[in-house]
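Residues per chain, in single letters:
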Amino acid sequence: MALDMRRFIQRFVEEAADHLPRLREGVHTLAQDAIGNASGAAGKEHVNELFRSAHTLKGSSRMLKLAPITALAHSMEELLSAFREGSVAPTAASLDLLNQAIDALDDQVGQLAQGAAPDALADADPALCQALESAAGAPSADAPSATPAVQKALPSTTASEQAPAATKPSSASLALSDTVRVRLDRLDDVIRLMGEVLSGHHHLHGLVEQARQLGLSLPAQHQAEFHDFQREFKDSVLSHDALMSDLHDRALQMRMLPLSVVFDPLAQMTRELAQSLGKQVECRVRGSAIELDRQMIDRLSDPLIHLLRNALDHGLERPEQRQAAGKPPRGQLSLEARQDGGWVVVEMRDDGAGIDLAAVRQKALARQLLDEGQLALLSEQETLELILLPGFSTKSLITDFSGRGVGMDVVKRTVVDELNGDLNVTSALGKGTHFSLRLPLSLALMRVLLVEVSGVTLGVTAPHVAELLERSPEEFIDAAGQTTLILRNEFVPVVALATLLDLPAAPPAGDKVLLLVVHQRQQKLALIIDALVDERDMVIKPLPNHLRYLPLVSGMVSLGRNTLASLLHVPALLERSRHTSLRQAAQLPSDATRHHILVVDDSLNTREIEKDVLEAWGYQVTLAENGRDGLNKALADTFDAVLTDVEMPVMDGFALTARLRENDAYRHKPIIIITSREKEADRRRGIEVGADAYIVKGSFDQNNLVETLKALLG
């Protein structure tokens, strides 16, 4: 895919619009000094600034093949370098040369700003370039610094000292740019201050309620008058709500940048790195116009570079290897972005060799990350995600390109911990690998749910909130020691948030408990909380350095009145819940037969809970995420029994059961359907397709499941 050079030209024009005034001002400052005595610290700093601006313009223009600008900037750099080294002192004549060069650069940049093509620019004036370089090599400050042709065009020495930044009278009007360059730290300050104003404004809502309560306590003869005041106060606060939010949104939009600033250089990098590796790769970019906050863009660069290098080195094969595998010699790598509600999803795909799970397991054993018993219990997805551990690499040779085991853990840490996003990886051996990054639009302002636990107010970002509901503890079931809620065909673990945070847990005030269901990808967790405090857009404040070791806190939000609330890091909560859940394993006789069970369900939570139940009773478990995945695994291996859900994508449980019964290996093997469908028609259909048992999740009992399995397995 060809790069859109117009975007880069526009950025160069904006950059030059920043540097050209600096050059003019710097030359003017040197002229105002006692010419020939600019050897002090201040004079040297002025020269250094001029040199840096000229050098930047030269480098940027050279990358874009703007040869006339590059030539002029190079000649200016030669003269400024001589000033900086002290071999030549600034003179009125040499400063006039610099002013003339700046005028020429200004004219060329102006043509680009008006839409001129790079190859339409006139060549740099060779006489001016020669004069600049001759001035740089002059033996003394009094030596002539320009050829006669150029000298005629130079203003007098007096004019140079009085108005060295004079512009050409070639146009009767000034063409002003429709953009203004603003230092990023100043813009950040504006957004920070707007956030403080927004937080303070929310405090006014509390004052409105206090005023209402105060009015009720007044004598009757004063209530009418106070009521009018309270109503006007409330209307004023409400009318400013939309204005405040709109003002803050517009401030944030000023810091938004298109993903093209990351995607386009990555496409160029792909071609260069692929060539260095002896591979042929075509990089396709889509969705680069989608915008993210500048802070997100800055932090996203490194993870995407790591993923790119990983795809080129680990994933995509050499041309001869691809042809031997029946693939075209040129590999395909795509980088795509799309918006999904309040999230932006960035995906990188390749059609390479995929990730070899056997090699992953072998490396995990070699590095003693897990033992054989632990590896046997991992699902394919869990095995695949071992590549995200620090120091993990399947490369047998360490090179300057990869193999050191750094990169993938950086991607996970940046996306999940720093950007409050999500990272998912899928791979098919011989077909390729797919990385998906799900990111919030901005880290500055997010929708936050405020809850109360043990008297402490805490925040959870809305993208991680699935739902809020009330349930009676009698509706919970016990699944291998884990308190579980059956929620719409899915098993969801239930944990008191106070327990996870090591806070004193208070007994429920009524017959029901309030549950906050949080999620990350397919994983869900129901947290018992005391109360819902509020829900609103809030400014996210990063943790100070001395608190960044707290794994369960991702930031802070202001509640007004100089009060802060911790923002919970949901991925870390989910991880802690897995480690603190109490698992009660049944004691089996030492000679018990270990049957191998296939569990098929599209819900990650349900698969994991059923796996825990079965493993607690000594069964070996393999997981599949839909009917087609289950069928493929059943045909690739031999299982003693199959447990399947009904409602699944790709292939449902009824179709899976029917297909298994057509295979001789599973004609008489136990097949149990576990589903939320409780209609008699569904039960009959389950039996018709060949199921041996039909268990409704709403009345799920782990003992019933185990007893059913024991009976069917004999």
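Residues numbered from 1 in each chain as written. Predicted model: local features only at pLDDT ≥ 70, side-chain atom pairs only at ≥ 80, totals over all residues. Heavy atoms only, no water.

(A) Representation of the overall build of the chain in the model. In terms of helices and strands, the chain carries 23 helices and 23 strands. For the chain, with 714 residues in total, the buried portion stands at 45%. Residue pairs at least 24 apart in sequence account for 69% of intrachain contacts in the chain once pairs closer than 6 positions are excluded. With an accessible surface of roughly 35,700 Å², the chain has 51% of that area assigned to carbon and sulfur atoms. (Helix = DSSP H or I, 4+ residues; strand = E, 2+ residues; numbered from the N terminus. Buried < 20%, exposed > 50% of the residue type's maximum accessible area, 1.4 Å probe, protein only. Contact = heavy atoms within 4.5 Å. Areas by Shrake-Rupley, 256 points an atom, 1.4 Å probe, with all protein chains shown as cover.)

(B) The arrangement of the sheet that holds strand β19 (residues 596-600) in detail. Strands sit in the order β20-β19-β21-β22-β23 across an open sheet of five strands; the sheet is parallel. Here the strands that pair on one side only, and so sit at the sheet edges, are β20 (620-624) and β23 (693-696). Averaged over neighbouring strand pairs, the angle between their axes works out to 20° when direction is ignored. Pairing of β19 with strand β21 (residues 641-644), which is carried by four bridges, proceeds in the parallel orientation. Each bridged residue has a counterpart across the sheet, and for Val 599 the counterpart in β21 is Leu 643. Sitting on the sheet, helix α20 (residues 627-636) touches β19 and β20, and the angle it makes with β20 is about 135°. Against the sheet, helix α21 (residues 653-661) touches β19, β21 and β22 (671-675), its axis set at about 180° to β22. (Pairing = 2+ DSSP bridges. Axes fitted to C-alpha atoms, helices over the stretch in contact; angles between N-to-C directions.)

(C) Structural view of the packing of aromatic side chains. Applying the stated criterion across every chain yields a total of two aromatic pairs. Between Phe 226 and Phe 229, the aromatic rings sit 5.6 Å apart at their centres with planes inclined by 55°, giving tilted as the arrangement. Of the two residues, Phe 226 and Phe 229 both sit in helix α9 (residues 220-253), three residues apart, roughly one turn of that helix. Looking at Phe 226, the relative accessible area reads 19%, which means it is buried. (Phe/Tyr/Trp six-rings, centres within 6.5 Å; stacked < 30°, edge-to-face > 60°.)

(D) Geometry of the environment of Val 696. Within the secondary structure, Val 696 is located in strand β23. Since its relative accessible area comes to 6%, Val 696 is described here as buried. On a C-alpha basis, the gap between Val 696 and Arg 677 in space is 6.6 Å, while along the polypeptide they are 19 residues apart. Those residues in contact with Val 696 that lie beyond four places of it in its chain are Thr 675, Ser 676, Arg 677, Glu 678 and Arg 683.

(E) Representation of helix α16 (residues 408-418) within the structure. Taken residue by residue, α16 has Met 408, Asp 409, Val 411, Thr 414, Val 415 and Val 416 as its buried positions. After α16 finishes, the residue Asn 420 shows a positive phi value of roughly 55°.

(F) Representation of the pairing of strand β6 (residues 422-428). Bridge count for β6 against strand β7 (residues 432-440) is seven bridges, and the pairing is antiparallel. Each bridged residue has a counterpart across the sheet, and for Asp 422 the counterpart in β7 is Arg 438. Counting the residues that bridge the hairpin from β6 to β7 gives three residues, and of these Gly 430 lies at a positive phi of roughly 85°.

(G) Summary view of the nonpolar core. In this structure, Leu 259, Phe 263, Leu 304, Val 346, Leu 437 and Leu 439 are the most contacted members of the largest nonpolar core, which totals 49 residues. Here this core takes eight residues from helix α11 (residues 294-315), the largest share from any one element. In this structure, Leu 304 is in contact with Val 262, Phe 263, Leu 266, Leu 335, Val 346, Met 348 and Leu 437, ignoring residues within four places of it in sequence. Judged by nonpolar contacts, the second largest core, of 42 residues, contains Met 76, Leu 97, Leu 112 and Ala 124. (Core = buried A, V, L, I, M, F, W, Y, C linked by side-chain atoms within 4.5 Å.)

(H) Just the confidence of the model for the chain, in detail. When pLDDT is averaged along the chain, the result is 81; 87% of the residues meet or exceed 70. Scored below 50 in pLDDT, residues 138-173 makes 43 contacts in the model with residues more than four places away or belonging to other chains. In this model residues 396-406 is a low-confidence stretch, pLDDT under 50, and it forms 19 contacts with partners more than four residues away in sequence or in other chains. (pLDDT = per-residue confidence, 0-100.)

(I) Highlighting the sheet that holds strand β14 (residues 513-520). If you walk across this open sheet you meet the six strands as β10-β14-β15-β13-β12-β11, and the pairing is mixed. Because the sheet does not close on itself, it has two edges, and the strands there are β10 (465-471) and β11 (477-479). Direction aside, neighbouring strands of the sheet carry axes that sit 40° apart on average. Direction of pairing for β14 relative to strand β15 (residues 523-529): antiparallel, over a ladder of seven bridges.

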